[in-house]
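# Overview (structure and organization)
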Number of protein chains: 2
Amino acid sequence: MEKLVLLKKFGANIKKIRESKGLAQIDLAVKMGYADDATSISRIEAGRTNPTLFTIHKISTALDMPMADLLDFNALEE
Amino acid sequence: MEKLVLLKKFGANIKKIRESKGLAQIDLAVKMGYADDATSISRIEAGRTNPTLFTIHKISTALDMPMADLLDFNALEE
DNA sequence: TATAAACTTGACATATATGTCATCATAGGC
DNA sequence: GCCTATGATGACATATATGTCAAGTTTATA
């Protein structure tokens, strides 16, 4: 898969899960320990950054979702 | 989970899967498109770097393993 | 249409990932 | 002992992730 496509798919998946939990970007950011600033979340959800494993792990913890689930967006399409 | 622990677990998992496929680090590196150099693989397996999503994706493709499986190393322990 | 909540965007300093090279260490087989 | 395969390590230039701020946009709603 091409890089930009991958990042967009991941971002869309995070957004979908976040919204399913009724959280705003800022809520997720605060849960991840950020200083009341959702910039990083916005970038990730838009696919404008290539997050590291540790960042993915922090999202996973904050959303209470296994990392494996966050990356399982290829079961549907390819 | 603490960052260093996470990176070490991920690295150990990659190493286990790579070896189960009978591949040397250099084989994986070449499959990922690197120039006959396994330095990056060595770093990742040792947990000395915090790989990006795209790097994880390249490993996934090269090892023919879903990304979700590569990150599913918490099913066993925590 | 005014207001507020939610999200986006550009910029910034800092840290670190990436890919590569040269070199070193280790282990096994001959 | 020698050679080869394998992996580890330090250094390097370059690219980019991270966390933050300020400012802008979008959306909804009263």
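For the structure, see preceding data.
An account of the accompanying structure is given in this report.

## Some thoughts on the protein's contact with DNA strand C
Around DNA strand C there are 19 residues in total, and Q25 of chain A together with Y34, T39, T55 and K58 of chain B lie nearest to it. Within 4 Å of the protein, the contacting atoms of DNA strand C are 58% sugar and phosphate, with bases supplying the remainder. For DNA strand C, a phosphate oxygen lies 2.7 Å from a polar atom in the side chain of S42 of chain A. For DNA strand C, a phosphate oxygen lies 3.1 Å from a polar atom in the side chain of T52 of chain B. Secondary-structure elements contributing two or more residues to the surface near DNA strand C are helix 3 (39-45) of chain A together with helix 3 (39-45) and helix 4 (53-63) of chain B. Residues of the surface near DNA strand C, tallied by class, amount to four nonpolar, nine polar and six charged.

## A closer look at a negative patch on the surface
A grouping of D69 and D72 of chain A together with D69 and D72 of chain B is seen on the molecular surface, where their side chains present a negatively charged patch. Mapped onto the fold, D72 of chain A is located in the segment after helix 5 (67-70).

## Here's the deal with the interface of chain B and chain A
Opposite the 17 residues of chain B that make contact, chain A presents 17 residues. Scanning the region where chain B abuts chain A turns up zero salt bridges. Taken together, the connections running from chain B to chain A amount to nine residue pairs in polar contact (both at pLDDT 80 or more). Within the residue set of the side of chain B that touches chain A, elements represented by two or more residues are helix 1 (3-20), helix 4 and helix 5 (67-70) of chain B. Taken together, the residues that form the side of chain B that touches chain A break down as 12 nonpolar, three polar and two charged.

## Here we look at the packing of helix 1 (residues 3-20) of chain A against helix 4 (residues 53-63) of chain A
Residues and elements named next belong to chain A. It is at 11 Å that the axes of helix 1 and helix 4 come closest, and there the two elements cross at 20°. Taken together, the axes of helix 1 and helix 4 lie roughly parallel to each other. For the pair helix 1 and helix 4, the sense of crossing is left-handed. Residues F10, I14, I17 and R18 of helix 1 form the contact with helix 4, whose participating residues are I56, I59 and L63. Looking at side-chain class alone, the contact of helix 1 with helix 4 contains six nonpolar, no polar and one charged residues.

## Topic: helix 1 of chain A
End to end, helix 1 of chain A covers 26 Å across 18 residues, agreeing with the expected 26 Å (1.5 Å per residue, within 8%). For helix 1 of chain A, the full list of buried residues reads L6, L7, K9, F10, G11, N13, I14, I17 and R18 of chain A. Packed against the buried residues of helix 1 of chain A are helix 2 (25-31), helix 3, helix 4 and helix 5 of chain A together with helix 4 and helix 5 of chain B. Positioned one or two residues after helix 1 of chain A, G22 of chain A has a phi angle of 70°, which is positive.

Rules used in this analysis
Throughout this description, residue numbers start from 1 for each chain and increase along the sequence as written. Here chains are named by letter from A upward and ligands by number from 1 upward, in the order in which they appear as written. Only residues with pLDDT of at least 70 get local features here, since the model is predicted, and only at 80 or more are side-chain atom pairs given and counted; chain-wide, interface and lining totals rely on the full set of residues. The side-chain values count all of the structure's non-hydrogen atoms but skip hydrogen atoms and water molecules. Any residue with at least one heavy atom within 4 Å of a molecule or strand is counted as near it. Polar contacts here mean pairs of N or O atoms no more than 3.5 Å apart (in protein, one a potential hydrogen donor and the other a potential acceptor; neighbouring residues in sequence count only if both atoms are side-chain atoms). A run of H or I in DSSP counts as a helix once it spans at least four residues, and a run of E counts as a strand once it spans at least two, with each numbered from the N terminus. Basically, the charged four are Asp, Glu, Lys and Arg, the nonpolar ten are Ala, Val, Leu, Ile, Met, Phe, Trp, Tyr, Cys and Pro, and anything else, Gly included, counts as polar. Patch definition: residues above 30% relative accessible area lacking any salt bridge, with like charges linked at up to 9 Å and the nonpolar side chains Val, Leu, Ile, Met, Phe, Trp and Tyr linked at up to 5 Å. For the accessible areas, the method is Shrake-Rupley and the probe is 1.4 Å, while residue cover comes only from the protein chains on display. A carboxyl oxygen of Asp or Glu within 4 Å of a side-chain nitrogen of Lys or Arg is what we treat as a salt bridge. This count recognises Lys and Arg as positive and Asp and Glu as negative, with His and chain-terminal groups excluded. Where a charge lies is defined by one atom per residue type, namely NZ (Lys), CZ (Arg), CG (Asp) and CD (Glu). Residues are treated as being in contact if the distance between any of their heavy atoms lies within 4.5 Å. Every angle, taken between N-to-C directions, lies between 0 and 180 degrees, and every axis is a line fitted to C-alpha atoms, over only the stretch in contact when it is a helix. Oblique is the label for any angle not under 35 degrees, not over 145, and not in the 65 to 115 range, which are roughly parallel, roughly antiparallel and roughly perpendicular in turn. Crossing handedness is read from the near helix: turned anticlockwise from the far helix by less than a right angle, it gives a left-handed crossing, and turned clockwise, a right-handed one. By definition here, a helix of n residues has an expected span of 1.5 Å times n minus one. Only protein chains enter the area calculation, which uses a 1.4 Å probe; residues under 20% of their type maximum are buried, those over 50% are exposed, and those in between are partly exposed.

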